[in-house]
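# Structure assessment
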There are 2 protein chains.
Amino acid sequence: MLRIITQRAEARTELRRICDRIHDDQVVHKEATVREVLQAVKRQGDRAVLHYTAEFDRLTFKAEDLRVSGSELDAAYQQVSKELLDAIRLACRQIEAFHRQRMPKSWVQFAEDDVVLGKRYTPVDCAGLYVPGGQAAYPSTVLMNAVPAKVANVPRIVMVTPPGAEKTIHPAVLVAAQEAGVEEIYRVGGAQAIAALAYGTETIPKVDVITGPGNIYVTLAKKLVYGTVGIDSLAGPSEVLIIADKVANPAHVAADMLAQAEHDQMAAAILLTDDSVLARKVVDEVERQLIDHPRRLLTEKAIAHYGLVVVVESLADAADLSNEFAPEHLELEIADPWGLLDRIRHAGAIFLGCSTPEAVGDYLAGPNHTLPTSGSARYASALSVETFMKHSSLVQYSQAALQKVAGAIDVLAKAEGLHSHADSVRLRVRGNLNPEA
Amino acid sequence: MLRIITQRAEARTELRRICDRIHDDQVVHKEATVREVLQAVKRQGDRAVLHYTAEFDRLTFKAEDLRVSGSELDAAYQQVSKELLDAIRLACRQIEAFHRQRMPKSWVQFAEDDVVLGKRYTPVDCAGLYVPGGQAAYPSTVLMNAVPAKVANVPRIVMVTPPGAEKTIHPAVLVAAQEAGVEEIYRVGGAQAIAALAYGTETIPKVDVITGPGNIYVTLAKKLVYGTVGIDSLAGPSEVLIIADKVANPAHVAADMLAQAEHDQMAAAILLTDDSVLARKVVDEVERQLIDHPRRLLTEKAIAHYGLVVVVESLADAADLSNEFAPEHLELEIADPWGLLDRIRHAGAIFLGCSTPEAVGDYLAGPNHTLPTSGSARYASALSVETFMKHSSLVQYSQAALQKVAGAIDVLAKAEGLHSHADSVRLRVRGNLNPEA
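Residues numbered from 1 in each chain as written. Chains lettered and ligands numbered in written order. Predicted model: local features only at pLDDT ≥ 70, side-chain atom pairs only at ≥ 80, totals over all residues. Heavy atoms only, no water.

## A word on the relation of the copies chain B and chain A
After a rotation of 180 degrees and a shift along the axis of 0.0 Å, chain B superposes on chain A with an RMSD of 0.0 Å. Taken together, the rotation and translation relating the two chain copies correspond to the operation of a two-fold axis. Relative to the rotation axis, the C-alpha of Lys223(B) is the closest in chain B, positioned 4.0 Å from it. With an isologous cut-off of 70% or more, the 100% of interface residues of chain B that recur at the interface of chain A puts this contact in the isologous class. (Least-squares fit on C-alpha atoms with pLDDT ≥ 70 in both. Contact = heavy atoms within 4.5 Å.)

Have a look at this one:
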C-alpha cells in the first residue's frame, strides 16, 4: 500500500504531486461561500456569526453565550486529570522558555553628526487565536499560539474555537488557554470566527493578527482578510519527510510516518533512504502498525495517497530531494544528522537523530509546531514571537548631517520627478547643496 | 483647501475615513481581471505575458526581448549623470550598512541530557523584485528591495519592471539595480509580471518571494499568489502623519506634506499639532508651495481628499490619534521627540526632530522605505533582510531526555486522540512511562 520508488525522476514527479496536493481542491467554489460569510459578518456582526453557526455547525446560540464564562473556565480544571494538567504545564514552560530565547530587541545606533538610526519592536494591541475543535481537542495548538503571544507581551489575547455538539469547549483546551494566560474565549469556529476577529462584532473584538490552523474554510477566510489584519500563514495539511539510513529503526520510522498520516487524510508521510532493506521493513511495519490503529481508515487513506518511500543513491541525494519538497517537518534519522544539516536548505523544523520523533516537537520540546506547509518552507518560517510583534524604523538627522546628504537627496528626488521631496530638504539647509555628499 | 479640524470626534472620523480610503476602490471587478491574467500566465507562460503586455501596456514584444541585455545594462551607465551615480552609490552604501545591522543569526542552545534546540536562518533560493516604471523611474525602490535581498545572501535575484513607451527601462533604474548587484531584469509589469514570478514561464523564473510596490492590479495579484510564493506586504497608497508643536517650521511641515501628496492622488498627508497658529501657517504654506508645483493637479487632489490638519489639546492626544491611524510614516517635529516616543505604539517609520524630513528616509538614511500602509503598521513592519530569509527550528533529543518526557507526551497525545504520536515515543523508550516527566 505504501509504495517504494527507486527511480529519481519518478520520485521527483511524485514528490511534486504530493507537495501540490492542496491545489486539487475545489477552492474556487468554497471561496464564494467564504466571501459571503465575511461580508455578512462585516455588515451584521453577531447576528451573522450566530446565523452561520446555526447553518454550518447546527448549533443555536444567543450572542451572550458566545463568550466562555468564568465558571466554565474554572470548572475545566475539575475535568482534566492531574497527569494531563502536569503535561500541559510542562509543555507550557518549555514552549515559553524556547520562545523567550532571542526575543527581538529594540536598538539604536549613533553615527557621526548626531545621526541616530534604530529599530523599535512593539507588540500588536490585540491577537486572535483560532483553535480547531468540534469533536477533537487540541490543547497543544492552544499553547503553540498563546504562549508566543504572551511572550510578545500582547496586551489582549482572544481565542476562538468551535464548540462540540453540546456547545461546550473541551476542558483540556480551556485549561491550556488559562495556563498560557488566555481567558477571553469565544465558542465560534469556521469562516465566521475569522470574520468576527477581522472586523469585530458587538461581542467579539477586532484583532490585529489572526493565527492558528483550521480547515479549508478557515484558511480561505484568513487569506481573504489578510491586509485587513495580519495572519501567521496559510496552513495546509501536515507533512513529514524522513531521511533515514541503516541506523534507523524501522518500527520507529513507521510510527513517525503514521503519526503524520493520522492527522488528516490529506497528510503526507515520506521516507527517503539509501537503504533498500530499511525501506522494505518500514513498509511492513506501517502495515503492521495500521492493523489495530484507532483511526485506521483515515490513516490508510493518507498513506495510500500521500505516503511514499524513495530509495536514493546517497543521503546527499535525499537532501536535494528534500530541498525541492521543502517539508514542514524533516527528520534526520541517520548516523550523522549534523553532518547532513549543511545541505538542507528548506524545512520548517528539523528533528535530528533517532531519539527525536516529531511528536517531541509537536508537544513540548519548545519550538513552535505551527510550521510552513505545502512547500512554503521555501520562504516561510514557524510561528514565533515576531508573529505578534512589529518594528518601527527610527531615524534622526541633525542639521549638519542633513546638510551633508542634501545634494544627493536633491539629485535622487529630481531623478524620480518628486519636486516636494527635494524641497523638503532644500528648505531645511543653507547655501549650496553638495551633490557629492 | 487643506481643512483644519479642532473637534476630536470629527478628527477620529476623518482619520478613519482616510485610513480606509483604499477600500472604496472597485476592487472586486479588478480582481476578476487579475485572476484571468494569473490563470493565463500559469497555463501559457510567455505567450500570455506577451499578450497582456500588448493589451494593457500597448507594447509588442518577442519573448527573447523580455530580458534586458548586457549591452543595455552597460549602456545605462553612460546615460546617468555622475551626480546621480554618486547619489545612488551613497544610498546603496547606507541602506546596506543599516540592513547589515542585527542580521538574524542561527543559534543552538545545549540543555541538560544532551538536548539541543536552535534556529537556523537561511535565505530563499530566488527573490523577485517588482519595481514600478512606465513613464516614471524609481531607482530608490530598486535599492530598497534589492539591497536587503543581497544582504540576505539570496543566490538569485530577479527584477521585473514595466518598460516605457519606447520599450526601454530608465537608465537610473538599470544602474541602481547593478549597483545593488542585480543583473537579471525583465521588462514586464502589471499582474502578468507577478504571475510570471509566481508560476515561472519559459523566460522568467519562478521565485520564492515577491517584493515591491505596484498599482492596484499588482497588489491584487500579489494577494492572490500569496501562498504559492511569499510576499512582502500589500502596499496601499502612501501616507505621512506629522506631529508638530510650536518649534516646527511651517514651510518645512508643508513641504513634507506635499512630498507625500505628490506621489499619488490617493496619498494622505496629515498634521496633528497643539499649536493653532502653526496649523494656520502650514495651510497657507501648502497653498503657496502648490502654486508652481510641477504636479499641481495630482498633488492638489490628494491634499483636498486626503489632507488634514487637526488641532489637538496636547501632544499626548496627538500620539493617541496617531496610534489609531497607525501611519506608514510618522514625523515628530517637536521639541522633545524622544520624550513622546514611548507613547507611540504603531508606525512604519518614525522621523525624529525638525531636521529629519521623511525624504531622508525615502532615499538614503538606511532604513527601508517599503513600509506598512493603510493602518497595517498595527501588525506589520518595514521590508527587511528577514523578508528574504526564513528559519528552521532545530531539535535533538537524547534517549535519556526522551525517556523523561515520554509520559507527558503520552498523556497529551492521548488527550488529542493521536495514537501514533504516542506510539512514536513509546516505542523508543524502555519500561514505564513517567507521566510526571
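## A short note on the UniProt feature "binding site: NAD(+)" (unreviewed entry) in chain A
Residue and element names in this part refer to chain A. Taken from the UniProt record, the annotation "binding site: NAD(+)" (unreviewed entry) applies to Tyr130, Gln192 and Asn215. These annotated residues cover 86 residues of sequence, but their C-alpha atoms sit close together, with the largest distance between any two at 12.5 Å. Relative to the helices and strands, Gln192 is located in helix H8 (residues 190-199). Among the residues examined, Gln192 registers a relative accessible area of 1% and is labelled buried. Residues within four places of Gln192 in sequence aside, it is in contact with Val37, Val41, Val49, Tyr52, Thr53, Phe56 and Asp57. The topology assignment puts Asn215 in the loop between strand E7 (209-211) and helix H9 (216-225). For Asn215, a relative accessible area of 43% puts it in the partly exposed group. Of the polar contacts made by the side chain of Asn215, one reaches the backbone nitrogen of Tyr217; its length is 3.0 Å. (UniProt positions renumbered as here; feature names shortened; annotations may be inferred. Helix = DSSP H or I, 4+ residues; strand = E, 2+ residues; numbered from the N terminus. Buried < 20%, exposed > 50% of the residue type's maximum accessible area, 1.4 Å probe, protein only. Polar contact = N/O pair within 3.5 Å; in protein donor to acceptor, adjacent residues only side chain to side chain.)

## Overview of unusual backbone geometry
The phi angle of most residues is negative, glycine excepted, and most peptide bonds adopt the trans form. Residues and elements named next belong to chain A. One non-glycine residue, Arg102, adopts positive backbone phi at about 50 degrees. Secondary-structure assignment places Arg102 in the loop between helix H5 (82-100) and strand E2 (107-111). Look at Ala326: it is not a glycine, yet its phi comes out positive at around 50 degrees. By the element assignment, Ala326 lies in the loop between helix H13 (315-325) and strand E12 (329-333). Using a relative accessible area of 0% as the deciding quantity, one classes Ala326 as buried.

## Thoughts on the domain arrangement of chain A
All names here are of chain A. Considered domain by domain, chain A is made up of domain 1 (4-25 + 236-379), domain 2 (45-231) and domain 3 (397-426). In this structure, domain 2 and domain 3 have C-alpha centres spaced 46 Å apart. Listed as interface residues are 4 residues of domain 2 and, on the opposing side, 5 residues of domain 3. Across the domain 2/domain 3 interface, buried area totals approximately 360 Å², and carbon plus sulfur atoms make up 55% of it. The three residues of domain 2 that bury the most area against domain 3 are Asp113, Asp114 and Val115, which together make up 85% of that side's buried surface. Seen at the junction of domain 2 and domain 3, the total is 2 salt bridges. Salt-bridge contacts for Asp113 lead to Lys404; the nearest nitrogen and oxygen are separated by 2.8 Å. Residues of the side of domain 2 that touches domain 3, tallied by class, amount to 1 nonpolar, no polar and 3 charged. (Domains from an automatic or database assignment. Buried area = accessible area lost by both parts, 1.4 Å probe. Salt bridge = Lys/Arg side-chain N within 4 Å of Asp/Glu carboxyl O. Nonpolar A, V, L, I, M, F, W, Y, C, P; charged D, E, K, R; others polar.)

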